[in-house]
Amino acid sequence: MLVAAGTPGVTVQRVLSVYGYDDAPHGHAQIKFENVRVPASNMVLGEGRGFEIIQGRLGPGRIHHAMRSIGAAEKAMDWMLARVNDETKKPFGKKLNEHGVILEWIAKSRLEIDAARLIVLNAALKIDESNAKGALKEIAEAKVMVPSMALTVIDRAVQSYGGAGVCQDTPLANMWAQIRTLRIADGPDEVHLQQMGMNENKRGKEVTAKLNWQKEEGLRLLRESGVAQKSRL
């Protein structure tokens, strides 16, 4: 149901922040609807079809979140590289990039970003081949994995800056706050993980039957060859 902001009875009580940051203009607000009346023509799609509308945008919305998370991770990587190559920052007499743990952060971040990008590309390919409904597993994989990856990379960048990483001197703190919301938006990670786990677990009987067949087939081949199995090792 579409309700114009100026409709009598609609009151914006307060605008919500995200980890203390102003989230306008695309953020959320606490809104009170009191005796609000709108024409029946304001109904979208049809009565009782609200969930259908929501599901129609959730798939594309989730992969879009993942795509933006890739971009955020890349930006955090850039900021981290700039910091660790700063000639003026030499703890213990060495630049940050000369410390082994920093190089490990850089390597892990690159591995994780590139792996997550392939997860997103795989989901996009599946959507192109079928549709969002046919790519539920792939979209869920991207929705769960990529924001968590981005948070890890951003956190490493924050750590490389020390106190500057958590204040307004870099975009990193705000980036972390925004990306953190994506583990909740359009379905929390736990819901996606439960659904993926349930679907994957459905293969249990099939896998058990396959493994049993492989065992029996191996024994049959041994018997045909006149070889006795003495140890599984």
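Described below are features of the structure shown in this document. (Residues numbered from 1 in each chain as written. Predicted model: local features only at pLDDT ≥ 70, side-chain atom pairs only at ≥ 80, totals over all residues. Heavy atoms only, no water.)

**Considering the overall build of the protein chain**
Right, so step 1: In terms of regular secondary structure, the protein chain is built from six helices and four strands.
Right, so step 2: Ordered by position in the sequence, the α and β elements of the protein chain form the string β-β-β-β-α-α-α-α-α-α.
Right, so step 3: Here the C-alpha radius of gyration of the protein chain, 26 Å, is well above what a compact globule of 233 residues would show, namely 17 Å.
Right, so step 4: With respect to the three principal axes, the spread of C-alpha positions in the protein chain is 90 × 65 × 25 Å.
Right, so step 5: Burial status across the protein chain gives 28% buried among its 233 residues.
Right, so step 6: Relative to all contacts within the protein chain whose residues are 6 or more apart in sequence, the contacts with residues 24 or more apart total 66%.
Right, so step 7: As presented, the protein chain carries roughly 15,500 Å² of accessible surface, and 57% of it is formed by carbon and sulfur atoms. (Helix = DSSP H or I, 4+ residues; strand = E, 2+ residues; numbered from the N terminus. Rg over C-alpha atoms; globule rule 2.2 N^0.38 Å. Buried < 20%, exposed > 50% of the residue type's maximum accessible area, 1.4 Å probe, protein only. Contact = heavy atoms within 4.5 Å. Areas by Shrake-Rupley, 256 points an atom, 1.4 Å probe, with all protein chains shown as cover.)

**Notes on the side chain of Glu-138**
Right, so step 1: For Glu-138, the location among the structural elements is in helix H3 (residues 136-161).
Right, so step 2: One buried charged residue, Glu-138, remains without a salt bridge, the closest side chain of opposite sign being Lys-137 at 4.0 Å.
Right, so step 3: Among residues more than four places away in sequence, those in contact with Glu-138 are Asn-122, Ala-123 and Lys-126. (Lys, Arg positive; Asp, Glu negative; His and termini not counted. Salt bridge = Lys/Arg side-chain N within 4 Å of Asp/Glu carboxyl O.)

**Focus on the pattern of salt bridges**
Close approach of charged atoms allows side chains of opposite charge to pair.
Right, so step 1: The full count for this structure, using the stated rule, is 12 salt bridges.
Right, so step 2: The partner of Asp-114 in a salt bridge is Arg-110, with the nearest N and O atoms 3.1 Å apart. Highlighted residues: Asp-114 and Arg-110, both in helix H2 (residues 100-129), separated by four residues, approximately one helical turn.
Right, so step 3: On the basis of relative accessible area, Asp-114 is assigned to the partly exposed category, the value being 33%.
Right, so step 4: We note a salt bridge from Glu-112 to Arg-156, for which the minimum N-O separation is 2.9 Å. One end of the pair, Glu-112, is in helix H2; the other, Arg-156, is in helix H3, with 44 residues separating them in the sequence.
Right, so step 5: With relative accessibility at 25%, the residue Glu-112 sits in the partly exposed group.
Right, so step 6: By relative accessible area, which is 11% here, Arg-156 ends up buried.
Right, so step 7: Within the structure, one salt-bridge network assembled from shared partners comprises Glu-74, Arg-110, Asp-114 and Arg-117.

**Looking at the nonpolar core**
Right, so step 1: Counting 31 residues, the largest nonpolar core has Ala-76, Met-80, Val-120, Val-146, Met-149, Leu-172 and Ile-179 as the members making the most contacts within it.
Right, so step 2: For this core, the elements supplying multiple residues, two or more each, are helix H1 (50-84), H2, H3 and helix H4 (172-180).
Right, so step 3: Counting residues per element, this core draws most heavily on H3, which supplies 10 residues.
Right, so step 4: In this view, Val-146 contacts Ala-66, Ser-69, Ile-70, Ala-116 and Val-120; residues no more than four positions away in its chain are not counted. (Core = buried A, V, L, I, M, F, W, Y, C linked by side-chain atoms within 4.5 Å.)

**Describing the environment of His-99**
Right, so step 1: Looking at the element boundaries, His-99 is found in the loop between H1 and H2.
Right, so step 2: Distance from His-99 to Ala-150, taken between C-alpha atoms, is 23 Å for residues 51 residues apart in sequence.

**A word on the packing of aromatic side chains**
Right, so step 1: On inspection of all chains with the given rule, the structure shows two aromatic pairs.
Right, so step 2: A centroid spacing of 5.5 Å and a plane angle of 70 degrees characterise the contact between Tyr-19 and Trp-176, whose relative ring orientation is edge-to-face. Taken together, the positions of Tyr-19 in the loop between strand E2 (17-18) and strand E3 (21-22) and Trp-176 in helix H4 put the pair 157 residues apart, joining distant regions of the chain.
Right, so step 3: Since its relative accessible area comes to 55%, Tyr-19 is described here as exposed.
Right, so step 4: When the centroid spacing of 6.1 Å and the interplanar angle of 55 degrees are considered together, the rings of Trp-79 and Tyr-161 count as tilted. In this pair, Trp-79 sits in helix H1 while Tyr-161 sits in helix H3, placing the two residues 82 residues apart along the sequence.
Right, so step 5: Judged by relative accessible area, Trp-79 falls into the partly exposed class, the value being 28%. (Phe/Tyr/Trp six-rings, centres within 6.5 Å; stacked < 30°, edge-to-face > 60°.)

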